[in-house]
Amino acid sequence: MDNSSVLAGVRVPDTKLAREATELVRDSTSELIYHHSRRVYFFGSLQGRNRDLSHDPELLYIVAMFHDLGLSEPFHESGRRFEVDSADEARRFLQGHRLPEASIRRVWTAIALHTTPGIPEFMEPEVALLTAGVEYDVLGIGYDDLDETDRAAVIALHPRPGFKGRILEAFTDGIRSKPQTTFGNVKADVLAHYVPGFRRGDFVRTILDSPWAD
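(A) Layout of the packing of aromatic side chains. Under the counting rule described, the total for this entry stands at six aromatic pairs. Pairwise contacts between aromatic rings join Tyr-41, Phe-42 and Tyr-61 into one cluster. Over the aromatic face of Phe-171 sits the side chain of Lys-187, whose NZ or CZ is 4.3 Å from the ring centroid.

This is the structure:
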(Lines give C-alpha, C1' and ligand atoms only; values in the text may rest on other atoms or scores of the structure.)
Protein backbone atom coordinates (compact mmCIF):
# COMPACT_ATOMS: atom_id res chain seq x y z
CA MET A 1 0.00 0.00 0.00
CA ASP A 2 1.27 3.44 -0.93
CA ASN A 3 2.11 5.32 2.25
CA SER A 4 1.49 8.64 0.54
CA SER A 5 -2.22 7.93 0.03
CA VAL A 6 -4.69 10.67 0.86
CA LEU A 7 -8.02 9.71 2.34
CA ALA A 8 -10.80 12.01 3.56
CA GLY A 9 -8.34 14.87 3.25
CA VAL A 10 -5.80 13.12 5.50
CA ARG A 11 -2.39 12.22 4.09
CA VAL A 12 -0.32 9.32 5.38
CA PRO A 13 3.21 10.70 5.83
CA ASP A 14 5.42 9.71 2.91
CA THR A 15 8.62 9.40 4.92
CA LYS A 16 11.19 6.67 5.43
CA LEU A 17 10.15 6.45 9.07
CA ALA A 18 6.47 5.97 8.23
CA ARG A 19 7.20 3.44 5.49
CA GLU A 20 9.39 1.35 7.77
CA ALA A 21 6.81 1.52 10.56
CA THR A 22 4.15 0.25 8.16
CA GLU A 23 6.38 -2.60 7.02
CA LEU A 24 7.24 -3.58 10.59
CA VAL A 25 3.63 -3.64 11.73
CA ARG A 26 2.45 -5.54 8.64
CA ASP A 27 5.15 -8.16 9.27
CA SER A 28 4.58 -8.38 13.04
CA THR A 29 0.81 -8.35 13.50
CA SER A 30 -2.39 -9.69 11.99
CA GLU A 31 -4.40 -8.04 9.23
CA LEU A 32 -6.94 -7.21 11.93
CA ILE A 33 -4.45 -5.11 13.91
CA TYR A 34 -2.92 -3.58 10.78
CA HIS A 35 -6.25 -2.33 9.44
CA HIS A 36 -7.35 -1.19 12.90
CA SER A 37 -4.11 0.74 13.38
CA ARG A 38 -4.44 2.50 10.05
CA ARG A 39 -8.07 3.41 10.79
CA VAL A 40 -6.98 4.81 14.14
CA TYR A 41 -4.56 7.12 12.33
CA PHE A 42 -7.24 8.39 9.95
CA PHE A 43 -9.91 8.73 12.62
CA GLY A 44 -7.49 10.41 15.02
CA SER A 45 -6.41 12.85 12.31
CA LEU A 46 -10.02 13.67 11.44
CA GLN A 47 -10.80 14.26 15.09
CA GLY A 48 -7.78 16.53 15.24
CA ARG A 49 -9.18 18.54 12.36
CA ASN A 50 -12.55 18.80 14.10
CA ARG A 51 -10.94 19.87 17.36
CA ASP A 52 -8.48 22.24 15.68
CA LEU A 53 -5.57 20.38 17.27
CA SER A 54 -2.32 21.00 15.44
CA HIS A 55 -0.21 17.85 15.56
CA ASP A 56 2.77 16.12 13.99
CA PRO A 57 1.29 13.71 11.39
CA GLU A 58 4.39 11.51 11.41
CA LEU A 59 4.33 11.06 15.19
CA LEU A 60 0.59 10.41 15.15
CA TYR A 61 1.11 7.79 12.45
CA ILE A 62 3.81 6.07 14.50
CA VAL A 63 1.71 5.95 17.68
CA ALA A 64 -1.28 4.63 15.73
CA MET A 65 0.72 1.90 14.02
CA PHE A 66 2.51 0.71 17.18
CA HIS A 67 -0.26 1.09 19.76
CA ASP A 68 -1.41 -2.57 19.72
CA LEU A 69 1.87 -4.25 18.81
CA GLY A 70 2.15 -5.56 22.38
CA LEU A 71 -0.85 -7.84 21.80
CA SER A 72 1.32 -9.96 19.49
CA GLU A 73 2.34 -13.47 20.53
CA PRO A 74 6.00 -12.66 21.38
CA PHE A 75 4.75 -10.46 24.24
CA HIS A 76 2.19 -12.83 25.76
CA GLU A 77 4.56 -13.91 28.54
CA SER A 78 6.19 -10.53 29.21
CA GLY A 79 4.33 -9.99 32.49
CA ARG A 80 3.77 -6.35 31.61
CA ARG A 81 0.76 -4.42 30.34
CA PHE A 82 0.49 -4.79 26.59
CA GLU A 83 0.38 -0.99 26.31
CA VAL A 84 3.87 -0.82 27.86
CA ASP A 85 5.18 -3.53 25.54
CA SER A 86 3.78 -1.58 22.58
CA ALA A 87 5.28 1.69 23.82
CA ASP A 88 8.68 0.10 24.41
CA GLU A 89 8.75 -1.33 20.90
CA ALA A 90 7.94 2.09 19.47
CA ARG A 91 10.70 3.61 21.58
CA ARG A 92 13.25 1.09 20.31
CA PHE A 93 12.17 1.74 16.74
CA LEU A 94 12.46 5.51 17.10
CA GLN A 95 15.78 5.34 18.94
CA GLY A 96 17.10 3.33 16.02
CA HIS A 97 16.12 6.23 13.77
CA ARG A 98 17.72 8.77 16.15
CA LEU A 99 14.60 10.82 16.80
CA PRO A 100 14.83 13.50 19.49
CA GLU A 101 14.23 12.19 22.99
CA ALA A 102 11.30 14.57 23.49
CA SER A 103 9.50 13.07 20.49
CA ILE A 104 10.23 9.54 21.70
CA ARG A 105 8.81 10.34 25.15
CA ARG A 106 5.67 11.74 23.58
CA VAL A 107 5.18 8.59 21.49
CA TRP A 108 5.81 6.33 24.50
CA THR A 109 3.32 8.27 26.62
CA ALA A 110 0.64 8.28 23.93
CA ILE A 111 0.79 4.52 23.51
CA ALA A 112 1.11 3.69 27.22
CA LEU A 113 -1.96 5.77 28.09
CA HIS A 114 -4.25 4.95 25.18
CA THR A 115 -6.51 2.72 27.29
CA THR A 116 -6.59 5.07 30.27
CA PRO A 117 -9.66 7.28 29.85
CA GLY A 118 -9.91 10.78 31.22
CA ILE A 119 -6.22 11.73 30.98
CA PRO A 120 -4.92 11.70 27.36
CA GLU A 121 -7.42 14.32 26.17
CA PHE A 122 -5.66 16.91 28.34
CA MET A 123 -2.18 16.10 27.08
CA GLU A 124 -0.17 16.79 23.91
CA PRO A 125 -2.14 16.53 20.64
CA GLU A 126 -0.57 13.23 19.56
CA VAL A 127 -1.42 11.71 22.95
CA ALA A 128 -4.99 13.00 22.83
CA LEU A 129 -5.59 12.03 19.21
CA LEU A 130 -4.30 8.47 19.51
CA THR A 131 -6.85 7.86 22.26
CA ALA A 132 -9.53 9.67 20.25
CA GLY A 133 -8.83 7.45 17.23
CA VAL A 134 -8.87 4.28 19.32
CA GLU A 135 -12.07 5.28 21.10
CA TYR A 136 -13.70 6.07 17.77
CA ASP A 137 -12.78 2.78 16.09
CA VAL A 138 -13.25 0.44 19.07
CA LEU A 139 -15.94 2.08 21.16
CA GLY A 140 -17.71 4.34 18.69
CA ILE A 141 -17.20 7.38 20.93
CA GLY A 142 -17.98 10.51 18.92
CA TYR A 143 -19.31 8.39 16.04
CA ASP A 144 -21.43 11.20 14.61
CA ASP A 145 -18.66 13.77 14.99
CA LEU A 146 -17.13 12.67 11.69
CA ASP A 147 -18.68 13.10 8.28
CA GLU A 148 -20.38 9.93 7.03
CA THR A 149 -18.58 10.18 3.69
CA ASP A 150 -15.18 10.41 5.40
CA ARG A 151 -16.00 7.47 7.65
CA ALA A 152 -17.08 5.37 4.68
CA ALA A 153 -13.89 6.19 2.77
CA VAL A 154 -11.74 4.99 5.66
CA ILE A 155 -13.72 1.77 6.03
CA ALA A 156 -13.58 1.11 2.28
CA LEU A 157 -9.77 1.19 2.38
CA HIS A 158 -9.42 -0.56 5.74
CA PRO A 159 -12.52 -2.73 6.21
CA ARG A 160 -13.68 -4.08 9.55
CA PRO A 161 -15.64 -7.31 8.95
CA GLY A 162 -16.67 -8.82 12.28
CA PHE A 163 -14.39 -6.33 14.00
CA LYS A 164 -16.13 -6.22 17.39
CA GLY A 165 -15.78 -9.92 18.05
CA ARG A 166 -12.34 -10.19 16.45
CA ILE A 167 -10.78 -7.33 18.40
CA LEU A 168 -12.16 -8.72 21.65
CA GLU A 169 -10.61 -12.07 20.77
CA ALA A 170 -7.28 -10.33 20.07
CA PHE A 171 -7.45 -8.54 23.42
CA THR A 172 -8.22 -11.81 25.20
CA ASP A 173 -5.40 -13.71 23.49
CA GLY A 174 -2.96 -10.89 24.19
CA ILE A 175 -3.57 -10.65 27.94
CA ARG A 176 -4.98 -14.04 28.97
CA SER A 177 -1.61 -15.25 30.24
CA LYS A 178 -0.92 -12.11 32.32
CA PRO A 179 -4.22 -11.33 34.05
CA GLN A 180 -2.49 -9.36 36.81
CA THR A 181 -1.79 -6.61 34.27
CA THR A 182 -5.50 -5.80 34.02
CA PHE A 183 -5.80 -4.57 37.61
CA GLY A 184 -7.40 -1.15 37.58
CA ASN A 185 -7.84 -0.89 33.82
CA VAL A 186 -10.48 -1.59 31.20
CA LYS A 187 -8.99 -4.88 30.02
CA ALA A 188 -10.23 -6.56 33.18
CA ASP A 189 -13.68 -6.39 31.59
CA VAL A 190 -12.39 -8.43 28.64
CA LEU A 191 -11.09 -11.28 30.80
CA ALA A 192 -14.22 -11.19 32.97
CA HIS A 193 -16.28 -11.87 29.85
CA TYR A 194 -14.07 -14.38 28.06
CA VAL A 195 -11.84 -16.22 30.56
CA PRO A 196 -13.68 -18.63 32.90
CA GLY A 197 -12.56 -18.35 36.49
CA PHE A 198 -10.95 -14.93 36.10
CA ARG A 199 -11.22 -12.79 39.24
CA ARG A 200 -10.55 -9.10 38.82
CA GLY A 201 -8.47 -7.26 41.38
CA ASP A 202 -10.39 -5.27 43.96
CA PHE A 203 -8.86 -1.92 44.90
CA VAL A 204 -10.78 -1.66 48.18
CA ARG A 205 -9.84 -5.21 49.16
CA THR A 206 -6.21 -4.50 48.32
CA ILE A 207 -6.21 -1.55 50.74
CA LEU A 208 -8.01 -3.42 53.52
CA ASP A 209 -5.77 -6.49 53.16
CA SER A 210 -2.49 -4.57 53.04
CA PRO A 211 0.10 -5.25 55.79
CA TRP A 212 -0.61 -1.88 57.43
CA ALA A 213 -2.29 -2.16 60.83
CA ASP A 214 -4.63 0.75 60.10
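(B) Broad picture of the pattern of salt bridges. Going through the model one piece at a time under the given rule, you end up with 16 salt bridges. A salt bridge links Arg-91 to Asp-88; the shortest N-O distance between them is 2.7 Å. Taken as a pair, Arg-91 and Asp-88 lie in helix 4 (residues 82-96) at a separation of three residues, close to a single helical turn. Assessed through its relative accessible area of 31%, Arg-91 is described here as partly exposed. Between Arg-200 and Asp-189 there is a salt bridge, with the nearest N and O atoms lying 3.1 Å from each other. In this pair, Arg-200 sits in the loop between helix 9 (187-194) and helix 10 (203-208) while Asp-189 sits in helix 9, placing the two residues eleven residues apart along the sequence. Ionic contacts of the salt-bridge type, sharing partners, join the residues Arg-80, Asp-85, Asp-88, Arg-91 and Lys-178 into one network.

(C) Structural view of helix 8 (residues 163-175). A rise of 1.5 Å per residue sets the reference length of helix 8, with its 13 residues, at 18 Å; its end C-alpha atoms lie 18 Å apart and thus fit the reference within 8%. Considered for burial, the residues of helix 8 that qualify are Phe-163, Ile-167, Ala-170, Phe-171, Thr-172, Gly-174 and Ile-175. Here the buried face of helix 8 lies against helix 2 (31-51), helix 4, helix 6 (125-139) and helix 9.

(D) How the structure looks around the nonpolar core. Membership of the largest hydrophobic core comes to 40 residues, with the highest contact counts inside it found for Tyr-41, Ile-62, Phe-66, Leu-94, Val-107, Ile-111 and Leu-130. Sorting the residues of this core by element identifies helix 1 (16-28), helix 2, helix 3 (57-66), helix 4, helix 5 (101-112) and helix 6 as the ones contributing at least two each. The element best represented in this core is helix 3, accounting for eight residues. With residues up to four places along the chain from it excluded, the contact list for Ile-111 reads Val-63, Phe-66, His-67, Glu-83, Ser-86, Ala-87, Ala-90 and Leu-130.

(E) Representation of the side chain of Ser-72 within the structure. With respect to the helices and strands, Ser-72 occurs in the loop between helix 3 and helix 4. Of the polar contacts made by the side chain of Ser-72, one reaches the backbone oxygen of Leu-69; its length is 2.9 Å. Other than its neighbours up to four places away in sequence, Ser-72 contacts Ser-28 and Thr-29.

Rules and cut-offs
- Residues numbered from 1 in each chain as written.
- Predicted model: local features only at pLDDT ≥ 70, side-chain atom pairs only at ≥ 80, totals over all residues.
- Heavy atoms only, no water.
- Phe/Tyr/Trp six-rings, centres within 6.5 Å; stacked < 30°, edge-to-face > 60°.
- Lys NZ or Arg CZ within 6 Å of the ring centre and 35° of its normal.
- Salt bridge = Lys/Arg side-chain N within 4 Å of Asp/Glu carboxyl O.
- Helix = DSSP H or I, 4+ residues; strand = E, 2+ residues; numbered from the N terminus.
- Buried < 20%, exposed > 50% of the residue type's maximum accessible area, 1.4 Å probe, protein only.
- Expected span 1.5 Å × (residues − 1).
- Contact = heavy atoms within 4.5 Å.
- Core = buried A, V, L, I, M, F, W, Y, C linked by side-chain atoms within 4.5 Å.
- Polar contact = N/O pair within 3.5 Å; in protein donor to acceptor, adjacent residues only side chain to side chain.

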